[in-house]
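Each chain, written out:
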Amino acid sequence: MHLAFVQTRCQAGLLAPEVIVEIHLGSGLPGFQVVGFSESATRQIRGRVRSAILSSHLKWPDFNITVNLAPTEQPKEGPRYDLPIALGLLVASQQLPPSSVAGREFFGELGLDGGIHPFRGSLCAVLAATEAGRECGIARHGAPEIAALTGGRLIAAPDLLSLCAQLKDACPKYVRQETALDHDAVVYPDLSQLKGQPLLCKALEVAATGGHHLLMTGPPGVGKTLAASVLPGLLPPLPEKKAQELLLMQDVVGLAASDTPPFRAPHHSSSVASLMGGTARALPGEISMAHGGVLFLDELTEFPHAVLNQLRQPLETGHIRVNRAQHQHQYPAQFQLVAAMNPCPCGFAGDPDRRCRCTPDRIRRYCQGISGPLTDRIDLHITLQRPSPEFLLMKSNGEDHSSGHVRARVAQIQRRQRDRQGCLNRDLSGDDLLKACLMETDTEGWLIDAVAKLKLSARSAHRRLRVARTLADMSEERRVAISHLKTALIFREAPPGDDASAI
Ligand SMILES: [Zn+2]
């Protein structure tokens, strides 16, 4: 019988649906066709697979070869089907027994010399195959990491010939799952580097603890970028599911695997597709690569309106839908937003040493450049000043302000928040928020007074409450008290010259 079936998978977002490679060797003039593929794509596949088989001292079957990838409606592209096609040809031409490919799936591109190369998306494919209870044959490069991350039974080989030898073996050698991720590979700047700015340190710890988004306003050179890059180092390790989602996306776009909370800082001139996702192959964008970590938008006012408006959906739902001609995928995008902007177009408004030359009207228009619905989602606002020079020589007072210590505290308090309300304080709203705050009557009275005096909108008042809840959590108190509300008012969006301490 000149027929063979080999199992593999294609890529659809972060999913890897099953594909069966069917090979038929027919009589008639020797030829090679792949059903549904263009002539040039077919020629390329034939070129690679034929060279790989011949370079491996195996025989190219001189038949009229038909290759079909079923089901036909799945998106199929790229050379990822080289290896399963080659194995199918070897089985159909009786150079390999059918039992050697049964119950197994195969993933890999072939080089002309018969070498097996990994491709983007291997991790998704192996994970899906492992969940389906099948073994996998893959490239040797990167196999130990994939085995450790998926827990799969993998047969890995550097080239087609040695893979065939292993497949014929009744007890093949499986890849050992020993290489875990290097957790020290990503190191963020330490919080102690910001020791001259106690308010900023406090804001960062509050942001980390309650998961609050943060907007920093301040003149250039005041350390906004440094502050933003400190934040991911304050976040506890990612929960297993989030880490897996992140690893799959890194694999799909070809980034090095890391399950440390990521830090992504796309430039304001980046295209909408590279930020939100949806390049030609509908791949995830920067906001998805920040999943579980920090997305830093420096010079927020320079980002196009279209981008800032599109951020609202992921900020609300924690995922983004990416639509491209034939592909529609959903990618996770649950990130903590840190944004930074200058106080005015020239950057020196409110600076005691430099003169701002902007007209009030220009400053107003500049601040209006960021959309209201976006700032509505940002609980913490902080205005930064340049730290005084004496702070450069200040010695840090013990280890209490290191990122490691804060991270341990943050992890503990986040657990408490989840036990209490099933989410972080950032995600509290409406009745749940009021219930979680447990305010005494006099605290409520104080809040109502403050809201009236400062003319806060209802949304802004809710943002203060969320921050106050986090501050109370940080001082291990069950109820939100007036002192927490007072501190929370410091971190609000204040018009220039306004002073919250007045109340
Ligand atoms: Zn100015």
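Residues numbered from 1 in each chain as written. Predicted model: local features only at pLDDT ≥ 70, side-chain atom pairs only at ≥ 80, totals over all residues. Heavy atoms only, no water.

1. Here we look at the packing of helix 17 (residues 441-453) against helix 19 (residues 482-490)
Contact geometry of helix 17 with helix 19 gives a least axis separation of 9 Å together with a crossing angle of 25°. Here helix 17 lies roughly parallel to helix 19, going by the angle between them. The crossing of helix 17 and helix 19 is right-handed. When helix 17 is examined against helix 19, the residues Asp442, Thr443, Trp446, Leu447 and Ala450 are found in contact with a partner set consisting of Ile482, Leu485, Lys486 and Leu489. (Axes fitted to C-alpha atoms, helices over the stretch in contact; angles between N-to-C directions. Helix = DSSP H or I, 4+ residues; strand = E, 2+ residues; numbered from the N terminus. Parallel < 35°, antiparallel > 145°, perpendicular 65-115°, else oblique. Left-handed = near helix turned anticlockwise from the far one by under 90°. Contact = heavy atoms within 4.5 Å.)

2. A word on a nonpolar patch on the surface
Judged by side-chain polarity, Leu3, Phe5 and Ile20 come together as a nonpolar surface patch covering roughly 240 Å² of accessible area. For Leu3, the position within the fold is in strand 1 (residues 3-9). (Patch = residues over 30% accessible without salt bridge, like charges linked within 9 Å, V, L, I, M, F, W, Y side chains within 5 Å. Areas by Shrake-Rupley, 256 points an atom, 1.4 Å probe, with all protein chains shown as cover. Salt bridge = Lys/Arg side-chain N within 4 Å of Asp/Glu carboxyl O.)

3. Topic: the packing of aromatic side chains
Aromatic ring pairs are defined here through the distance separating the ring centres and the angle between the ring planes. By the definition in use, this model includes three aromatic pairs. Ring centres 6.5 Å apart and planes at 70° place the aromatic pair Tyr188 and Phe263 in the edge-to-face group. Of this pair, Tyr188 sits in the loop between helix 5 (160-168) and helix 6 (198-210) while Phe263 is found in strand 11 (residues 263-264), placing the two residues 75 residues apart along the sequence. Judged by relative accessible area, which is 18%, Tyr188 ranks as buried. Taken together, a centroid distance of 6.1 Å and an interplanar angle of 20° make the contact between Phe263 and Phe296 stacked. In this pair, Phe263 is assigned in strand 11 and Phe296 in strand 12 (residues 294-297), connecting sequence segments 33 residues apart. Note on Phe263: relative accessible area 23%, which makes it partly exposed. On the accessibility criterion, Phe296 (2% relative accessible area) is buried. Taken together, the ring pairs connect Tyr188, Phe263 and Phe296 into an aromatic cluster. Between the NZ or CZ atom of Arg354 and the centre of the ring of Phe348, over which it lies, the distance is 4.2 Å. (Phe/Tyr/Trp six-rings, centres within 6.5 Å; stacked < 30°, edge-to-face > 60°. Buried < 20%, exposed > 50% of the residue type's maximum accessible area, 1.4 Å probe, protein only. Lys NZ or Arg CZ within 6 Å of the ring centre and 35° of its normal.)

4. Some details on the domain arrangement of the chain
Partitioning the chain into structural domains gives domain 1 (3-168), domain 2 (191-424) and domain 3 (428-503). Between the C-alpha centres of domain 2 and domain 3 the distance comes to 22 Å. Contacts between the two partners involve 22 residues from domain 2 and, on the opposite side, 17 residues from domain 3. Carbon and sulfur atoms make up 60% of the surface buried where domain 2 meets domain 3, a total of about 1700 Å² over both sides. Ranking the residues of domain 2 by area buried against domain 3 places Asp376, Asp379 and His381 at the top, with a combined share of 31%. Along the contact surface separating domain 2 from domain 3 lie four salt bridges. (Domains from an automatic or database assignment. Buried area = accessible area lost by both parts, 1.4 Å probe.)

5. Quick word on the coordination of the zinc ion
Each protein donor to the zinc ion is listed here as Cys344 (SG), Cys346 (SG), Cys356 (SG) and Cys358 (SG); together their distances run 2.1 to 2.4 Å. Relative to the metal, the four donor atoms surrounding the zinc ion lie at angles of 104 to 114°, and the coordination shape comes out tetrahedral. Its relative accessible area of 11% is what places Cys358 among the buried residues. (Donors = N, O, S within 2.8 Å, 3.2 Å for Na, K, Ca; no water. Tetrahedral: all angles 85-135°; square planar, octahedral: opposite > 155°, others 65-115°.)

6. Section: the pattern of salt bridges
Considering all chains together, one arrives at 20 salt bridges under this definition. Between Arg426 and Asp427 there is a salt bridge, with its nearest N and O atoms 3.5 Å apart. By relative accessible area, Arg426 is classed as buried at 18%. A relative accessible area of 47% means that Asp427 is categorised as partly exposed. Look at the salt bridges and you will find they share partners, linking Arg9, Glu18, Glu105 and Arg134 into a network.

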